[in-house]
There are 2 protein chains.
Amino acid sequence: MALDKIDRKILTLLQKDATMPVAEIGRKVGLSTTPCWRRIQKMEEDGVIQRRVAVLDPAKVNVGVTVFVSVKTNEHNDTWMRKFSGVIDEFPEVVEFYRMSGDVDYLMRVVVPDIGAYDAFYKKLISKINLTDVSSAFAMGQIKYTTALPLDFAIVVDDDK
Amino acid sequence: MALDKIDRKILTLLQKDATMPVAEIGRKVGLSTTPCWRRIQKMEEDGVIQRRVAVLDPAKVNVGVTVFVSVKTNEHNDTWMRKFSGVIDEFPEVVEFYRMSGDVDYLMRVVVPDIGAYDAFYKKLISKINLTDVSSAFAMGQIKYTTALPLDFAIVVDDDK
DNA sequence: GCAAGATTAGCAATAAACTTGCGCAGATCA
DNA sequence: TGATCTGCGCAAGTTTATTGCTAATCTTGC
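Throughout this document, residue positions are counted from 1 along each chain, in the order its sequence is written. Each chain takes a letter, starting from A, and each ligand takes a number, starting from 1, following the order in which they are written. For a predicted model such as this one, the threshold for reporting local features is a pLDDT of at least 70, and the threshold for listing and counting side-chain atom pairs is 80 or more; totals across whole chains, interfaces and linings nevertheless cover every residue. Here the side-chain values reflect all heavy atoms present in the structure, with hydrogen atoms and water set aside.

1. Structural notes on the overall build of chain A
For step 1, the next point in the chain: Think of it this way: any DSSP run of H or I at least four residues long counts as a helix, any run of E at least two long counts as a strand, and we number them from the N terminus. Within chain A, the regular secondary structure consists of five helices and five strands.
For step 2, the next point in the chain: N-terminal to C-terminal, the α/β element order of chain A is α-α-α-β-β-α-β-β-α-β.
For step 3, the next point in the chain: Our radius of gyration is a C-alpha quantity, and the globule rule it is checked against amounts to 2.2 Å times the number of residues to the power 0.38. For chain A, the C-alpha radius of gyration of 21 Å lies well beyond 15 Å, the compact-globule estimate for 161 residues.
For step 4, the next point in the chain: Along the first, second and third principal axes, the C-alpha set of chain A runs to 55 × 35 × 25 Å.
For step 5, the next point in the chain: In what follows, a contact means two residues having at least one pair of non-hydrogen atoms within 4.5 Å. Within chain A, contacts between residues separated by at least 24 positions form 65% of all contacts whose residues are at least 6 apart in sequence.
For step 6, the next point in the chain: All accessible-area figures derive from a Shrake-Rupley calculation using a 1.4 Å probe, and residue coverage is judged against the displayed protein chains alone. Carbon and sulfur atoms make up 50% of the accessible area of chain A, which totals about 7900 Å².
For step 7, the next point in the chain: Positive and negative charge centroids in chain A, built from 22 and 23 side chains respectively, lie 5 Å apart. Only four residue types enter the charge count: Lys and Arg as positive, Asp and Glu as negative, with His and the chain ends excluded. Note on charges: their place is set at NZ of Lys, CZ of Arg, CG of Asp or CD of Glu.

2. Concerning the interface of chain B and chain A
For step 1, the next point in the chain: Listed per partner, the contact involves 67 residues of chain B and 67 residues of chain A.
For step 2, the next point in the chain: When two components associate, each loses some accessible surface as probed by a 1.4 Å sphere; the sum of these losses over both components is called the buried area. With both chains or domains summed, chain B and chain A bury close to 6300 Å², and 62% of this area falls on carbon and sulfur atoms.
For step 3, the next point in the chain: Between Lys or Arg on one side and Asp or Glu on the other, a salt bridge is scored when a side-chain nitrogen of the former is within 4 Å of a carboxyl oxygen of the latter. Between arginine 109 of chain B and glutamate 96 of chain A there is a salt bridge; the shortest N-O distance is 3.2 Å.
For step 4, the next point in the chain: Between N or O atoms, a polar contact is any pair within 3.5 Å; within protein, one atom must be a potential hydrogen donor and the other a potential acceptor, and residues adjacent in sequence are included only when both atoms are from side chains. The interface formed by chain B and chain A holds 39 residue pairs in polar contact (both at pLDDT 80 or more) in total.
For step 5, the next point in the chain: For the side of chain B that touches chain A, the elements supplying multiple residues, two or more each, are helix 1 (5–16), strand 1 (49–56), strand 2 (65–72), helix 4 (78–89), strand 3 (94–100), strand 4 (106–112) and strand 5 (133–145) of chain B.

3. Let's talk about the relation of the copies chain B and chain A
Both copies of the chain are related by a screw-like operation: a rotation about an axis and a shift along it.
For step 1, the next point in the chain: Each copy is superposed on the other by least squares, with the fit set by C-alpha atoms of residues at a pLDDT of at least 70 in both. Turning chain B through 180 degrees and shifting it by 0.0 Å along the axis lays it on chain A, with an RMSD of 0.0 Å. Between the two chains, the operation in question is that of a two-fold axis. Rotation axis and chain B: the residue whose C-alpha lies nearest the axis is valine 53 of chain B, separated from it by 2.8 Å.
For step 2, the next point in the chain: In this assembly the copies share their binding face: 100% of the residues contributing to the interface of chain B also contribute to that of chain A.

4. A few points about the domain arrangement of chain A
For step 1, the next point in the chain: All the domain ranges listed were derived from an automatic or database domain assignment. Once the domains are mapped, chain A shows domain 1 (5–45) and domain 2 (59–138).
For step 2, the next point in the chain: Its C-alpha centre places domain 1 of chain A at a distance of 37 Å from the equivalent point of domain 2 of chain A.

5. What to know about the protein's contact with DNA strand D
For step 1, the next point in the chain: Residues are labelled near a given molecule or strand when at least one of their non-hydrogen atoms is within 4 Å of it. Around DNA strand D, the structure places 13 residues, and the nearest of them are Ser32, Thr34 and Arg39 of chain A together with Val22 and Trp37 of chain B.
For step 2, the next point in the chain: Near the protein, within 4 Å, the atoms of DNA strand D are sugar or phosphate in 63% of cases.
For step 3, the next point in the chain: In the environment of DNA strand D, a phosphate oxygen lies 3.1 Å from a nitrogen or oxygen atom belonging to the side chain of arginine 39 of chain A.
For step 4, the next point in the chain: Between DNA strand D and valine 22 of chain B there is a distance of 2.9 Å, counted from a phosphate oxygen to a backbone nitrogen or oxygen.
For step 5, the next point in the chain: Every element with two or more residues in the surface near DNA strand D is listed here: helix 3 (33–45) of chain A together with helix 3 (33–45) of chain B.
For step 6, the next point in the chain: Sorting elements by how many residues they give to the surface near DNA strand D places helix 3 of chain B first, with five residues.

6. Some words on the sheet that holds strand 4 (residues 106–112) of chain A
For step 1, the next point in the chain: Here a strand pair is declared whenever DSSP counts at least two bridges between the two strands. Taken in spatial order, the eight strands close into a barrel running 2(A)-4(A)-3(A)-5(B)-2(B)-4(B)-3(B)-5(A), and their pairing is antiparallel. The sheet shows a mean angle of 35 degrees between the axes of neighbouring strands, direction not considered.
For step 2, the next point in the chain: Note that strand 3 of chain B and strand 4 of chain B share five bridges and pair antiparallel. Paired with glutamate 96 of chain B across the bridge in strand 4 of chain B is arginine 109 of chain B.
For step 3, the next point in the chain: The convention used is that axes are lines fitted to C-alpha atoms, helices contributing only their stretch in contact, and that angles between N-to-C directions extend from 0 to 180 degrees. With respect to the sheet, helix 5 (residues 115–128) of chain A is in contact with strand 2 (65–72), strand 3 (94–100), strand 4 and strand 5 (133–145) of chain A, its orientation differing from that of strand 4 of chain A by roughly 135 degrees.

In structure tokens:
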């Protein structure tokens, strides 16, 4: 599962553009098609590469507004957490959901067309599960968003190349 | 730029798995290869589909820890914002960055291997730009994360099909 | 109501990309 | 030194993407 310099180069390219032909990737990392292809295969088998997806423009599908929703609860048990997770799973508007440390218990990122749609989401949410304390923070603009993870921390065996 | 039911079906599939052959997508949405391919092309030209990317496993590339960093500033002007954006752009650890309304001015999501790496990031950040107030919230776990946007709000012309 | 133009579907052929089998070269180790 | 292992690359064969062309359906203006 350790990655060398070539693997990381490949991942960097694929994180930017997964449509790039293997032959071209190979050329850019100094490898012919076959070994490059085998490396990609291995990284997919190992689960380093989870999947390849299409990324849409939020504005073009009318979900230009991002809201961060902080949730506090009194229910600090596994059963409740699972129930909450299940409820959230049903909402496609919730694109990220984290269990937090500190004064907030859960944090989620919600995408909607406008404030009105957020209110509708909010009402639907609290009708499905009882939440002690919910607070919403609206994003006025998305300055940076990337699905590409940094590879600087990846485990390495051969760092010579 | 309006999307009909077939377009949304295609997008739903591509948001899950962008490696699926056009022929299979066509079959699933009830279309032959060519028209299905042309629809996909059009949505790429229109920018609805921005790009296709490989999604990696954060743990496998050693960035299993997410930190949300809230920033308050006294500098409420465009010049400073641009400078801040430029600084953030240089940090691959910052995968999301928003300008917020409310008592926090900016919010970013940072991915790192551990607390130590976050501290290193933090030091590097404040050395590059002066920030009035920074507060960090650690995620104990990622319960949901998807790059797929909801298509329920997309603009529609023909809603018959 | 009808004909011209526009839009969308489909087939078939071509081009491009992926995938596999095999052999070769360098590294490792007894 | 020789056996083994690992990784590379060539040359097929297979799958998939892409394009040109035709047919069918829908729109529009009269």
